Amino acid sequence: MITIKDLHKSYTMGTNSLHVLKGINFSVQEGELVSIMGSSGSGKSTLLNILGMLDEADQGSYTLDGVPIKNLNEKIAAQYRNKFLGFIFQSFNLINYKSALDNVGMPLYYQGMKRKERTEKAMAYLEKVGLANWAHHMPNELSGGQKQRVAIARALASDPKVLLADEPTGALDTKTSYEVMDLIQGINDEGKTILIVTHEDDIAHMTKRIVNLKDGLIIDDAPVNQIRAASHV
Amino acid sequence: MFSLERWQEILETISKNKLRTFLTGLSVASGIFILVILLGFGQGMQNGISAEFQRDAANRISVYSGVTSMGYKGLNPGRFIEMTNDDYNYLITKYEDDIEFKSSVYRIWSGTLNYGNESGSYRVEGVYPDYQFLENENLVAGRYINYDDQRLKSKIMVIGNKVQQDLFAGKSAVGEYVQINGINFKVVGVYSDPGGEREETRVFVPLSTSQRVFGGADKVRNLGFTLKPQENFEDALAQSLQFSAEIEEFLKERHLVAPEDTSAINVNNTLESAKRFYDLIGMIKTFFWVVGICTIIAGVVGVSNIMLIIVKERTKEIGIRKALGAQPLSIIGMVLHESIFVTAIAGFTGLILSMALLEVLGPNMQMDYIKNPSVNFNVAITTVFILVFAGALAGFVPAWRAARIKPITALREE
Ligand SMILES: Nc1ncnc2c1ncn2[C@@H]1O[C@H](COP(=O)(O)OP(=O)(O)OP(=O)(O)O)[C@@H](O)[C@H]1O
Ligand SMILES: [Mg+2]
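Residues numbered from 1 in each chain as written. Chains lettered and ligands numbered in written order. Predicted model: local features only at pLDDT ≥ 70, side-chain atom pairs only at ≥ 80, totals over all residues. Heavy atoms only, no water.

(A) Up close: the overall build of chain A. Helix and strand content of chain A: seven helices and 10 strands. Taken over 233 residues, chain A has a buried fraction of 52%. Taking all contacts inside chain A whose residues are at least 6 apart in sequence as the whole, residues at least 24 apart take part in 70%. (Helix = DSSP H or I, 4+ residues; strand = E, 2+ residues; numbered from the N terminus. Buried < 20%, exposed > 50% of the residue type's maximum accessible area, 1.4 Å probe, protein only. Contact = heavy atoms within 4.5 Å.)

Put into structure tokens, the structure is as follows:
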């Protein structure tokens with residue numbers, strides 16, 4: 001599903017250049033649930049943003065579902081993001097003046113789907129994350145866990161190939177974190193490929209594979225025995 | 001641009017962000033509002049001044065006499081100069097070829113009119129038949145004074161509309177006898193005047209009659225002339241200025257008035273004052289335009305500032321939308337669509353409000369020199385379009401920048 005080879009990325013700030021990713025090689029198969037770990041500043045988010053086409057690598061190759069991702073103009077990149085990827089952010093990133101339902105419908109709007117169909121589909125995904133009753137609430141009327149579940153519903157709405165989650169539980173307490181992980185595990189059980197950036201061990205062990213990053217390189221990449229979040233809830 | 005989905009999205013965004021919509025709209029609406037009101041008043045002043053000049057013939061030259069303000073040839077200042085029939089006769093003979101209408105006027109101070117039980121005090125003047133044209137009067141009933149009346153010194157009079165209303169309570173005055181200071185005069189005509197009521201409270205009798213009956217001897221109070229029409233305004237003005245200067249010189253010499261004495265013989269040239277007024281109005285209107293255009297520019301700057309702020313404020317949202325698959329063009333479209341829609345609605349609101357205000361206030365305006373302020377609809381609507389266009393242009397730059405910003409940069413924005 002995902003193959004990257006020799007990926008490099010540096011940030012330049014004034015005269016300083018910071019080499020963040022120093023040659024990353026790895027691949028993810030369809031249906032995997034992978035966590036990316038590493039200390040703060042090790043380049044986890046940078047990697048995930050490149051995988052999400054929100055940022056560009058300086059060097060190296062990236063293939064997503066057989067499509068080479070290289071020198072895309074912003075228009076194509078937007079199409080690919082819409083079609084291939086779903087994002088879950090630590091800070092939820094919901095549009096604050098839109099209801100939960102309309103937030104979930106956004107990716108469908110950009111697919112050109114008509115309003116009625118959009119609303120039905122968005123409602124189905126809200127039901128899936130258990131928030132059908134909150135459909136018409138604004139984000140500021142929802143708890144952190146609820147917001148993240150709306151975000152997950154939104155990420156799923158366009159039925160993407162891969163879900164990318166950057167510290168999805170970073171802003172949540174343990175109990176809520178496990179609920180969210182339970183949801184993510186369920187989605188993975190249905191066959192969706194998911195990548196999660198985290199620096200919490202317990203969260204990482206709820207995935208099926210842990211990739212460890214240090215100073216811009218992968219130092220460890222191993223499958224783990226998945227702990228079901230449901231057993232903690 | 002015109003897809004239903006886009007419209008729904010924009011309307012929703014607008015309705016959920018009322019404050020920023022209101023602020024954008026306000027600066028546009030007030031810009032248009034101020035411009036239209038200013039233009040309206042510019043037009044109102046022009047109408048008002050024009051009406052003021054319609055009271056009398058547009059090219060009238062009037063001569064008044066007064067008290068000398070300086071000594072001359074051994075005579076003391078403070079002499080009251082009175083013009084005579086001879087002055088008048090000399091002038092109309094000398095300038096026979098140039099003059100179109102002419103009349104001298106003898107004024108009866110405090111004329112009291114009596115008809116039955118009704119009475120009132122009016123300005124009563126002895127005039128020649130041409131005076132009708134000098135005053136720009138229209139007959140609504142009967143006839144004006146004629147040369148037979150002059151010759152026969154008939155006791156007849158022509159009265160203004162208002163006088164008829166006052167004394168005759170709606171009845172026709174023609175043929176009735178009315179007393180002026182106790183002497184019976186027969187009403188032969190009723191006139192109206194574009195100058196309105198103020199000009200219609202006057203009473204005219206033949207000049208010869210007034211001098212005989214009211215003890216005027218051969219004295220006249222003032223003279224009025226118009227000159228024959230010329231090819232163009234410049235010629236007319238030049239001729240009329242020369243004529244004014246010549247008669248002034250003649251009258252001063254004849255009555256032993258110092259050439260530089262302006263109070264004893266006063267020649268008032270309507271054409272000259274009209275030109276001055278119209279020049280002034282031209283300047284005022286230009287000024288209003290300049291102010292109005294500055295207001296519009298301020299409006300445009302306001303709109304572009306607000307657009308900049310809106311885009312800045314929405315950077316994160318734009319990042320989110322991009323992450324969800326929004327293409328650059330759709331971001332530009334979203335920002336522009338909203339700004340054009342809001343400016344257009346606000347612009348037309350300002351236009352309609354200001355036109356409505358002019359419509360309501362205009363006809364009821366009772367101010368000197370301002371009459372029926374109004375604005376050319378085409379001019380107003382063009383300004384709205386210019387403003388909407390400028391607003392779109394102003395919104396385009398920030399929209400374009402927003403569309404180009406990398407999604408990750410936009411998302412990092414707080
Ligand atoms: N836009 C940027 N400009 C300059 N430097 C950046 C930028 N984004 C990230 N960095 C730097 O790159 C390095 C890696 O950042 P990154 O966000 O990938 O770390 P991370 O592993 O996600 O850390 P954390 O666990 O704290 O989220 C950090 O040193 C960071 O300061
Ligand atoms: Mg990070």
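Following the structure, the description resumes.
(B) Structural context of the overall build of chain B. When its secondary structure is counted, chain B shows 13 helices and 12 strands. In chain B, which comprises 414 residues, the proportion classed as buried is 51%. Taking as baseline every contact in chain B between residues at least 6 positions apart, the subset at least 24 positions apart corresponds to 77%. As presented, chain B carries roughly 19,700 Å² of accessible surface, and 59% of it is formed by carbon and sulfur atoms. (Areas by Shrake-Rupley, 256 points an atom, 1.4 Å probe, with all protein chains shown as cover.)

(C) Highlighting the sheet that holds strand β7 (residues 162–166) of chain A. Residue and element names in this part refer to chain A. The strand order across the open sheet built from six strands is β6-β7-β8-β3-β9-β10, with neighbouring strands paired in mixed fashion. The sheet is open, and its two edges are formed by β6 (85–88) and β10 (217–223), each paired on a single side. Each strand of the sheet is rotated relative to its neighbour by a mean of 15°, with strand direction disregarded. Bridge analysis of strand β3 (residues 33–38) against strand β9 (residues 209–214) gives five bridges, and the strand direction is parallel. Within β9, the position partnered with M37 by the bridge is N212. Sheet strands touched by helix α5 (residues 144–157): β6 and β7. Its angle to β6, the strand with the most contacts, is close to 170°. Here helix α6 (residues 174–189) sits on the sheet in contact with β3, β7 and β8 (193–197), set at roughly 150° to β8. (Pairing = 2+ DSSP bridges. Axes fitted to C-alpha atoms, helices over the stretch in contact; angles between N-to-C directions.)

(D) A look at the site of ligand 1. Around ligand 1 sit 15 residues, and of these S40, K44, S45 and T46 of chain A together with R412 of chain B come closest. One finds residues of chains A and B in close proximity to ligand 1. The backbone of G43 of chain A places a nitrogen or oxygen atom 3.0 Å from an oxygen atom of ligand 1. S45 of chain A places a side-chain nitrogen or oxygen 2.6 Å from an oxygen atom of ligand 1. Burial of ligand 1 by the surrounding chains reaches 68%, relative to a free accessible area of 630 Å². Of all the secondary structure elements, the ones that give two or more residues to the shell around ligand 1 are β1 (2–13), β2 (16–28) and α1 (44–51) of chain A. Its residues assigned to classes, the shell around ligand 1 shows four nonpolar, eight polar and three charged. (Near = heavy atom within 4 Å. Polar contact = N/O pair within 3.5 Å; in protein donor to acceptor, adjacent residues only side chain to side chain. Nonpolar A, V, L, I, M, F, W, Y, C, P; charged D, E, K, R; others polar.)

(E) Examining the pattern of salt bridges more closely. Tallying each qualifying case throughout the model produces 30 salt bridges over all chains. Taking the shortest distance from any N to any O, the salt bridge between E125 of chain B and R202 of chain B comes out at 3.1 Å. Pair noted here: E125 of chain B is in strand β4 (residues 118–127) and R202 of chain B is in strand β9 (residues 202–206), with a separation of 77 residues, a long-range link. Note on E125 of chain B: relative accessible area 2%, which makes it buried. Among the charged side chains, a salt-bridge network with shared partners connects K98 and R115 of chain A together with E9, E12, R314, E317, R321 and E338 of chain B. (Salt bridge = Lys/Arg side-chain N within 4 Å of Asp/Glu carboxyl O.)

(F) Just the confidence of the model for chain B, in detail. Overall, the predicted model of chain B reaches an average pLDDT of 84, with 97% of residues at or above 70. Scored by ipTM, the complex comes to 0.93, with pTM at 0.69. (pLDDT = per-residue confidence, 0-100.)

(G) Structural view of the UniProt feature "transmembrane region" (unreviewed entry) in chain B. Residue and element names in this part refer to chain B. Under the feature "transmembrane region" (unreviewed entry), the UniProt entry names residues 21–41, 287–311, 331–357 and 377–397. Overall, residues 21–41 shows 100% helix and 0% strand. The separation of its end C-alpha atoms is 30 Å. Secondary structure within residues 331–357 divides into 100% helix and 0% strand; the distance between the first and last C-alpha atoms comes to 39 Å. (UniProt positions renumbered as here; feature names shortened; annotations may be inferred.)

(H) Structural context of the packing of helix α11 (residues 328–361) of chain B against helix α12 (residues 377–404) of chain B. Residue and element names in this part refer to chain B. Closest axis-to-axis distance for the α11/α12 pair is 8 Å, and the angle between their directions is 155°. What the angle tells us is that α11 and α12 run roughly antiparallel. For the crossing formed where α11 meets α12, the hand is right-handed. Of the residues that constitute the contact of α11 with α12, the class distribution is 22 nonpolar, five polar and no charged. (Parallel < 35°, antiparallel > 145°, perpendicular 65-115°, else oblique. Left-handed = near helix turned anticlockwise from the far one by under 90°.)

(I) Geometry of helix α3 (residues 100–109) of chain A. Of all 10 residues in α3 of chain A, nine are buried; the element is thus mostly enclosed. Taken together, the buried positions of α3 of chain A are A100, L101, N103, V104, G105, M106, P107, L108 and Y109 of chain A. Those residues of α3 of chain A that are buried are in contact with α2 (74–84), α4 (115–128) and α5 of chain A together with α1 (4–16) and α10 (315–323) of chain B.

(J) Broad picture of the pairing of β1 of chain A. Residues and elements named next belong to chain A. Where β1 lies against strand β4 (residues 59–64), five bridges are found, and the strand directions are antiparallel. Looking at the pairing, K5 lines up with S61 of β4. Between the end of β1 and the start of β2, which pair antiparallel, lie two residues, with G14 showing a positive phi angle near 65°.

(K) Broad picture of the packing of aromatic side chains. Inspection of the entire model under this criterion finds 17 aromatic pairs over all chains. Considering the side-chain rings of Y80 of chain A and F84 of chain A, the 5.3 Å spacing of their centres and the 55° angle between planes classify their relative orientation as tilted. Note that Y80 of chain A and F84 of chain A are positioned in helix α2 at a spacing of four residues, about one turn of the helix. Comparing Y80 of chain A with F84 of chain A shows no difference in burial state: the two are buried. The interplanar angle of 70° and the centroid separation of 5.0 Å between the aromatic rings of Y109 of chain A and Y110 of chain A together place this pair among those described as edge-to-face. Look at Y109 of chain A and you get buried, because its relative accessible area is 14%. An aromatic cluster of three or more residues is present, and its members are Y88, Y95, Y128, Y147, F225 and F243 of chain B. Looking at R404 of chain B, its charged tip hangs above the ring of W400 of chain B, at a distance of 4.9 Å from the centre. (Phe/Tyr/Trp six-rings, centres within 6.5 Å; stacked < 30°, edge-to-face > 60°. Lys NZ or Arg CZ within 6 Å of the ring centre and 35° of its normal.)

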